[in-house]
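Residues per chain are reported as follows:
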Amino acid sequence: MPHDMNDMLEPGMLVQNPDAPHWGTGQVQSNIGGKVTVNFREEGKVVIDARQVMLIPVFE
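Owing to the predicted nature of the structure, the values given are computational and were not obtained by experimental measurement.

Criteria and cut-off values
- Residues numbered from 1 in each chain as written.
- Predicted model: local features only at pLDDT ≥ 70, side-chain atom pairs only at ≥ 80, totals over all residues.
- Heavy atoms only, no water.
- Pairing = 2+ DSSP bridges.
- Helix = DSSP H or I, 4+ residues; strand = E, 2+ residues; numbered from the N terminus.
- Buried < 20%, exposed > 50% of the residue type's maximum accessible area, 1.4 Å probe, protein only.
- Contact = heavy atoms within 4.5 Å.
- Polar contact = N/O pair within 3.5 Å; in protein donor to acceptor, adjacent residues only side chain to side chain.
- Salt bridge = Lys/Arg side-chain N within 4 Å of Asp/Glu carboxyl O.

Student: Honestly, the pairing of strand β2 (residues 26-32) in this entry has me stumped. Any pointers?
Tutor: Residues in a regular strand point their side chains to alternate faces of the sheet. Note: strand β1 (residues 14-16) against β2, 2 bridges, orientation antiparallel. Note on β2: the bridge partner recorded for valine 15 is glycine 26. Alignment of β2 against strand β3 (residues 35-40), held across 6 bridges, turns out to be antiparallel. Pairing of asparagine 31 across the sheet is with valine 36, part of β3. Taking the residues that link successive antiparallel strands as the turn, the β2-β3 hairpin has 2 residues, and the phi of glycine 33 there is positive, at about 60 degrees.

Structure below.
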């Protein structure tokens, strides 16, 4: 299940949305109850349903 990997995401971590690469890299703001709030460089703040989208951690 995709949400298993998303469970490890913590505030401050950098991620990308594979379904929207044009959003750029985002920083996790919160991860509560399967809802991950991310502030993306090109898209702004987005709330993502962790059951639907597998975010990719970015290590820069």
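Student: Even after reading the chapter, I still don't get the environment of asparagine 39, so can you show me in this structure?
Tutor: You can see asparagine 39 is positioned in strand β3. On the basis of relative accessible area, asparagine 39 is assigned to the partly exposed category, the value being 37%. Remark: the alpha-carbon pair of asparagine 39 and proline 21, spanning 18 residues in sequence, is separated by 14 Å. Here asparagine 39 is in contact with Thr25, Gly26, Gln27, Gln29, Gly44 and Lys45, once residues within four sequence places are set aside. A polar atom in the side chain of asparagine 39 sits 3.5 Å from the backbone nitrogen of lysine 45.

Student: Would you mind going over the pattern of salt bridges with me for this structure?
Tutor: A side chain of one charge can pair with a side chain of the opposite charge if their charged atoms are brought near each other. Using the criterion set out here, one finds 2 salt bridges in the structure. The salt bridge partner of aspartate 49 is lysine 35, with a shortest N-O separation of 3.7 Å. Placement of the pair is aspartate 49 in strand β4 (residues 44-49) and lysine 35 in strand β3, with a sequence separation of 14 residues. Among the ionic contacts, a cluster of salt bridges with common partners joins Lys35, Asp49 and Arg51.

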